[in-house]
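# Observations on the model geometry
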Amino acid sequence: MDRSKLCGCKGIRTCFVCEKEFNLTPTINSESLKKLSNASYCSYCNLLWSGWNAYEYKNHPNHTGTSYYLDGIFIEHEFITEEEETMLMKNLDTMPWDVSQSGRRKQNFGPKCNFKKRRLSMGNFNGFPLSTKFVQDRFDKIPIMKNYFTIEQCSLEYRPEMGASIDPHVDDCWIWGERIITLSLQSDTVLTLTPHNIKYSNQYNIDYIPNTKYLPIPVNRVNYPIDVVRILMPRRSLLVLYGNLRYLWEHCILREDIRERRVCIAYREFTPSYLKGGEKYTESCDILEKAKCFW
């Protein structure tokens, strides 16, 4: 059904607006996830602790229950100050927001990518807002962000009155590199991860994963004792997903975890083949130059 004039939802994705208008059912049922084996991440001890409560880190160091180790998560608390957040949000809200799927709004700054045909072009990419430059400049202070070069910056707004969420997915592996970066603003929220059970051949362009150690293992399932991982993303924190967690797990934001307006800025880097020295560099060199610009 055509919902383009009603909301930004497409396909199976829904928000409160189109669910009410067309009597649709949300695709993600958090109650079914709660029945599985789940654990929440503590950024202070870098361990998962059994249970659904994403605020488990507040119990540190007095955790109880079973702990698990899972590589691929990094959180920098208070990556920006309250004053910087206020100014950043003020500047973001002076720019237009576009409607997006699942009740969200977005501001996208990056090249045009056709994930199905694997085609890359400049599109209307003209660099990034100058008011956001200080965030990218600060990446160099984090060791795991060494040599990170932003190629796409996308602001995403989640509002509870819209039923905003994002379905489980793996960020495309053909064009986006290993480190997936998120700066959280306005409120805390939770990133929920589940193993990537492949639904069709080469879903998310997984044949482009640059390191074979991250390729999905037999039975298309992560060989791990936990079915659901809950990661709290505190307000003003920076989250980095990498390695197995980036490639072998789908991540989503559940509707129930949006309790007030939340804005995030998501950052993406190119895969090595599109960087200098890579086999696709001739297709991306102009885009890499444009990504140095701030207006």
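Notes on the structure in this doc start here. (Residues numbered from 1 in each chain as written. Predicted model: local features only at pLDDT ≥ 70, side-chain atom pairs only at ≥ 80, totals over all residues. Heavy atoms only, no water.)

## Section: the packing of aromatic side chains
Geometry of an aromatic ring pair is reported as the spacing of the ring centres plus the angle between the planes. Counted under the stated rule, the structure contains 12 aromatic pairs. Residues Phe-115 and Trp-174 carry aromatic rings whose centres are separated by 6.1 Å and whose planes lie at 85° to one another, so their mutual orientation is edge-to-face. On the criterion of sequence distance, the pair formed by Phe-115 in the loop between strand S7 (112–114) and strand S8 (119–121) and Trp-174 in the loop between strand S10 (166–169) and strand S11 (180–185) is long-range, its members being 59 residues apart. By relative accessible area, which is 36% here, Phe-115 ends up partly exposed. (Phe/Tyr/Trp six-rings, centres within 6.5 Å; stacked < 30°, edge-to-face > 60°. Helix = DSSP H or I, 4+ residues; strand = E, 2+ residues; numbered from the N terminus. Buried < 20%, exposed > 50% of the residue type's maximum accessible area, 1.4 Å probe, protein only.)

## Observations regarding helix H3 (residues 82–92)
The complete set of buried residues in H3 reads Glu-85, Leu-88, Met-89 and Leu-92. The buried residues of H3 occupy an angular sector of 95° when the element is viewed end-on, so they sit on one face. Away from its buried face, by an angle of more than 90 degrees, H3 presents the exposed residues Glu-83, Thr-86 and Lys-90. Those residues of H3 hidden inside the fold are in contact with strand S6 (105–109), helix H4 (133–138), strand S9 (152–158), S11 and strand S16 (262–268). (Arc of directions from axis to C-beta. Contact = heavy atoms within 4.5 Å.)

## Quick notes on the side chain of Arg-3
Within the element layout of this structure, Arg-3 appears in the segment before helix H1 (16–22). At 2.6 Å, the side chain of Arg-3 forms a polar contact with the backbone oxygen of Gly-11. Engagement of the side chain of Arg-3 in a polar contact is seen with the backbone oxygen of Arg-13, the distance being 2.7 Å. Dropping the residues within four chain positions of it, Arg-3 is found in contact with Cys-9, Lys-10, Gly-11, Arg-13, Thr-14, Cys-18, Phe-22 and Leu-24. (Polar contact = N/O pair within 3.5 Å; in protein donor to acceptor, adjacent residues only side chain to side chain.)

## Let's talk about the environment of Met-1
Along the chain, Met-1 turns up in the segment before H1. Looking at Met-1, the relative accessible area reads 64%, which means it is exposed. The spatial distance from the C-alpha of Met-1 to the C-alpha of Phe-79 is 42 Å, given a sequence separation of 78 residues. Not counting residues up to four positions away in its chain, the partners in contact with Met-1 are Phe-22 and Leu-24.

## What to know about the sheet that holds strand S4 (residues 73–76)
Note: strands within a sheet are paired through backbone hydrogen bonds, in either parallel or antiparallel orientation. What the 7 strands build is an open sheet, ordered S4-S14-S11-S16-S9-S6-S5; its pairing is antiparallel. The open sheet terminates on both sides in strands that have one partner only, identified here as S4 and strand S5 (98–99). Examined bridge by bridge, S9 and S16 share 7 bridges and lie antiparallel to one another. Within S16, the residue paired with Tyr-158 across the bridge is Arg-262. (Pairing = 2+ DSSP bridges.)

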